[in-house]
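# Residue-level structure breakdown
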Amino acid sequence: MRIGIIAYQGSFEEHALQTKRAMGTGDIVPVKTSKDMRQLDGIIIPGGESTTIGMLASKLGIIDELREQISSGLPVLGTCAGAIFLAKEASDSKVKKQQDLLKVMDITVVRNYYGRQRESFEAEVDLSEIGEEKARVVFIRSPAITKVWGNSKSLSKLNGVTIMAQEGGILATTFHPELSNTLAVHKYFLSLVKK
Ligand code: GLN
């Protein structure tokens, strides 16, 4: 199995480690340009700053390739900024700013939803839809998935707000499973890759 991880910024290493733990044998490929995207079985878009990820993906000419491959079935896990990048609609809770999005998933996302005073927090969340009762996970200047429509479905909510959603082979979390003590998200993503 070959899993690519977008490697511009954010928690590339932690995603690589967590993916290795969840998959056993297989290859992890850092992805920066479209030539790194050959023969991938799945791809992970980590957290960071979604405007920066979008800008770099656009400048390095990978955004169209990504969109095409995901639309034609390449499984993808987007966490935090990665979830924003996947969304068909995204807005910022404070600043109005245009940003490059992949627009492959029927979700609306509000950036920095939890505000400044709670930029980062940990919470116990319900991952029973993906095979784990409860897990403590980390949210860092996280967005919220405020609307799920069309082919997307919500897989978990925290205080009534969606924190994990799926549309076919596309999986999005607003928290950071790579910085948390659970393999459930990576294992579930790899099960989508195997399908
Ligand atoms: N707040 C960031 C954004 O809007 C996401 C934060 C993160 O990925 N940890 O892109």
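On a predicted model such as this, the values are computed, not experimentally measured, just so you know.

The rules behind these values
Residues numbered from 1 in each chain as written. Predicted model: local features only at pLDDT ≥ 70, side-chain atom pairs only at ≥ 80, totals over all residues. Near = placed C-beta within 6 Å. Nonpolar A, V, L, I, M, F, W, Y, C, P; charged D, E, K, R; others polar. Buried ≥ 20, exposed ≤ 12 C-beta atoms within 10 Å, placed from the backbone. Helix = DSSP H or I, 4+ residues; strand = E, 2+ residues; numbered from the N terminus. Arc of directions from axis to C-beta. Contact = placed C-beta atoms within 7 Å. UniProt positions renumbered as here; feature names shortened; annotations may be inferred.

### A closer look at the site of the ligand
Contacts to the ligand come from G47, G48, E49, S50, C80, A81, I84, R111, N112, I140 and R141. Classifying every residue of the shell around the ligand gives four nonpolar, four polar and three charged.

### Some remarks on helix α3 (residues 63–71)
Within α3 the residues assigned to the buried category are I63, L66 and I70. Viewed end-on, α3 has its buried residues packed into an arc of 65°, placing them on one side of the element. Seen from the buried face of α3, the exposed residues on the opposite side, beyond 90 degrees, are D64 and S71. Considering only its buried residues, α3 is in contact with α2 (50–59), β4 (76–79) and β12 (170–173). Phi for G73, located one or two positions after α3, is positive at around 110°.

### Some words on the UniProt feature "binding site: L-glutamine" (unreviewed entry) in the protein chain
On the UniProt side, "binding site: L-glutamine" (unreviewed entry) is annotated at positions that read G48, E49, S50, R111, I140 and R141 here. For this annotated set, covering 94 residues, all C-alpha atoms fall within 12.8 Å of each other, a compact arrangement in space. In this fold, G48 is placed in the loop between β3 (42–45) and α2. Contact partners of G48, with chain neighbours within four places excluded, come to Q9, G10, I53 and A81. Topologically, I140 is positioned in strand β8 (residues 134–140).

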